Amino acid sequence: MTVILKTEGLNKVYRQGGLVRSRQVRALNDVNITVESDKPVVIAVVGESGSGKTTLAKTLLRLETPSSGRAIVYDTVVTGKGTTLSKQQFLGLVQPIFQNPFEAFSRYRPVDAYLHETARRVGGMDGAQAEAAVATALASVGLKYGEVRGKYTNQFSGGELQRISVARALIPQPKLIVADEPVSMIDASRRMIIINLFKQLRDEAGRSFLYITHDLATAYYISDYVAVMNKGVVVEFGDARQVMGDPQHDYTKLLLSSIPTTKTRWRPRKVAA
Ligand SMILES: Nc1ncnc2c1ncn2[C@@H]1O[C@H](COP(=O)(O)OP(=O)(O)OP(=O)(O)O)[C@@H](O)[C@H]1O
């Protein structure tokens, strides 16, 4: 079995406020999750705003340094004590997809230039190899290179641009893709294209995903595992069907009861600690 993702006592403490009135926020509070599997998986992280989901994503992406603890991805320590990976090695193993695809690329530069850059810098490829890798990556997200070449962000829809972000993330052939709210800025009608793409990339290309979301319905639809976060703590973690079908923790029950159905009208509820 491969340790696809393991966090060991992961903590992240931020200091908020000025010198006089500062306070500490424990954005990650002793996060311990383990996913071992022989097959690639989708792991969802759900929870309301401020629960620490993005901090977890940033820590796993090495955009934030943990205050203590460490994380392992595909049997390799990626952050915290014992990390020996260079930046290039790390980006070959773990790749990000961010919430807003329009912010992932400058509007003054053709988007395919970013894909080439990733192929050369992270993948260590030469010009011809990079050209082939870009074409392959775009094809795997359902786009033709000819439709993308030389174009700028304003020539794409949010959904298309997010697919290009996914293509870019695929170029170094990472094992894990960390996607922080990847569909929240995309038209509702196009969200499922991205969600189904993740499923397809898991099943056909062998990529695992950490899928950070507010959206419990898509989390249920694509995830193999789910971590429920509240105030920096993972309050419930396990098989997605089990956690969401038979939640044990009160916070998970409340989150799930807030989902609107065709029979009930949605009313926002305040979720207690
Ligand atoms: N750079 C920072 N400096 C200080 N505090 C921070 C910083 N980033 C996050 N926090 C705090 O850490 C806590 C967790 O924030 P985080 O963004 O991880 O939550 P989240 O679950 O991703 O929320 P959302 O769904 O709104 O993105 C919050 O209290 C937040 O204010």
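The structure this text deals with has already been given above.
Residues numbered from 1 in each chain as written. Predicted model: local features only at pLDDT ≥ 70, side-chain atom pairs only at ≥ 80, totals over all residues.

A. Looking closely at the overall build of the protein. When helices and strands are tallied, the protein shows 11 helices and 10 strands. Relative to the 2.2 N^0.38 estimate, which gives 19 Å for 273 residues, the radius of gyration of the protein is 19 Å and therefore close to what a compact globule would have. In terms of overall dimensions, the protein has a C-alpha envelope of 55 × 50 × 45 Å along the principal axes. Across the 273 residues that make up the protein, the buried fraction comes to 38%. (Helix = DSSP H or I, 4+ residues; strand = E, 2+ residues; numbered from the N terminus. Rg over C-alpha atoms; globule rule 2.2 N^0.38 Å. Buried ≥ 20, exposed ≤ 12 C-beta atoms within 10 Å, placed from the backbone.)

B. Expanded view of the site of the ligand. Every residue lining the ligand is accounted for by Y14, Q16, V25, A27, G47, S49, G50, S51, G52, K53, T54 and T55. Where the shell around the ligand is concerned, the elements lending two or more residues are β1 (2–16), β2 (23–37) and α1 (53–60). The element that contributes the greatest number of residues to the shell around the ligand is α1, accounting for three residues. Counted by class, the shell around the ligand contains three nonpolar, eight polar and one charged residues. (Near = placed C-beta within 6 Å. Nonpolar A, V, L, I, M, F, W, Y, C, P; charged D, E, K, R; others polar.)

C. A look at unusual backbone geometry. Look at R62: it is not a glycine, yet its phi comes out positive at around 65°. Checked against the element boundaries, R62 lands in the loop between α1 and β4 (68–73).

D. Highlighting the environment of T136. Inspection of the secondary structure puts T136 in helix α5 (residues 127–140). The sequence separation of T136 and T153 amounts to 17 residues, and the corresponding C-alpha distance is 20 Å.

E. Highlighting the packing of helix α7 (residues 158–170) against helix α8 (residues 188–205). Relative orientation of the contacting elements α7 and α8 amounts to 15°, with a least axis distance of 10 Å. Considering the angle they form, α7 stands roughly parallel to α8. In this structure, α7 crosses over α8, and the sense of that crossing is right-handed. Contacts from G159, Q162, R163 and V166 of α7 reach α8 at R190, I193, I194 and L197. Class assignment of the residues belonging to the contact of α7 with α8 gives a composition of four nonpolar, two polar and two charged. (Axes fitted to C-alpha atoms, helices over the stretch in contact; angles between N-to-C directions. Parallel < 35°, antiparallel > 145°, perpendicular 65-115°, else oblique. Left-handed = near helix turned anticlockwise from the far one by under 90°. Contact = placed C-beta atoms within 7 Å.)

F. Looking closely at the environment of L61. By the element assignment, L61 lies in the loop between α1 and β4. Classification of L61 as buried rests on a count of 20 C-beta atoms within 10 Å. Sequence separation between L61 and R207 is 146 residues; the distance between their C-alpha atoms is 16 Å. Residues contacting L61, with those up to four places away along its chain left out, are V94, P96 and V178.

G. Local environment of the sheet that holds β4. In spatial order, the strands read β2-β1-β4-β5; together these four strands make up an open sheet with antiparallel pairing. Looking at which strands have only one partner, the edges of the open sheet turn out to be β2 and β5 (76–79). Across this sheet, the average inter-strand angle for adjacent strands is 30°, counted without regard to direction. (Pairing = 2+ DSSP bridges.)

H. Quick peek at the nonpolar core. Ranked by internal contacts, the top residues of the largest apolar core, which has 67 residues, are I43, L210, Y211 and V226. With six residues, the top contributor of residues to this core is α7. Discounting residues that sit within four places of it in the chain, V226 has contacts with A44, V46, A219, A240, V243 and M244. (Core = buried A, V, L, I, M, F, W, Y, C linked by C-beta atoms within 7 Å.)

I. Region of the structure containing the sheet that holds strand β10 (residues 233–239). Pairing is mixed in the open sheet, where six strands are placed in the order β6-β7-β8-β3-β9-β10. Of all the strands in the sheet, just β6 (94–97) and β10 have a single pairing partner and so form its edges. In this sheet, adjacent strand axes meet at a mean angle of 15° when their direction is disregarded. With respect to the sheet, α1 is in contact with β3 (42–46), β6, β7 (176–180), β8 (208–213) and β9 (225–230), its orientation differing from that of β8 by roughly 150°. Packed onto the sheet, α8 meets β3 and β8 and runs at close to 160° relative to β8.

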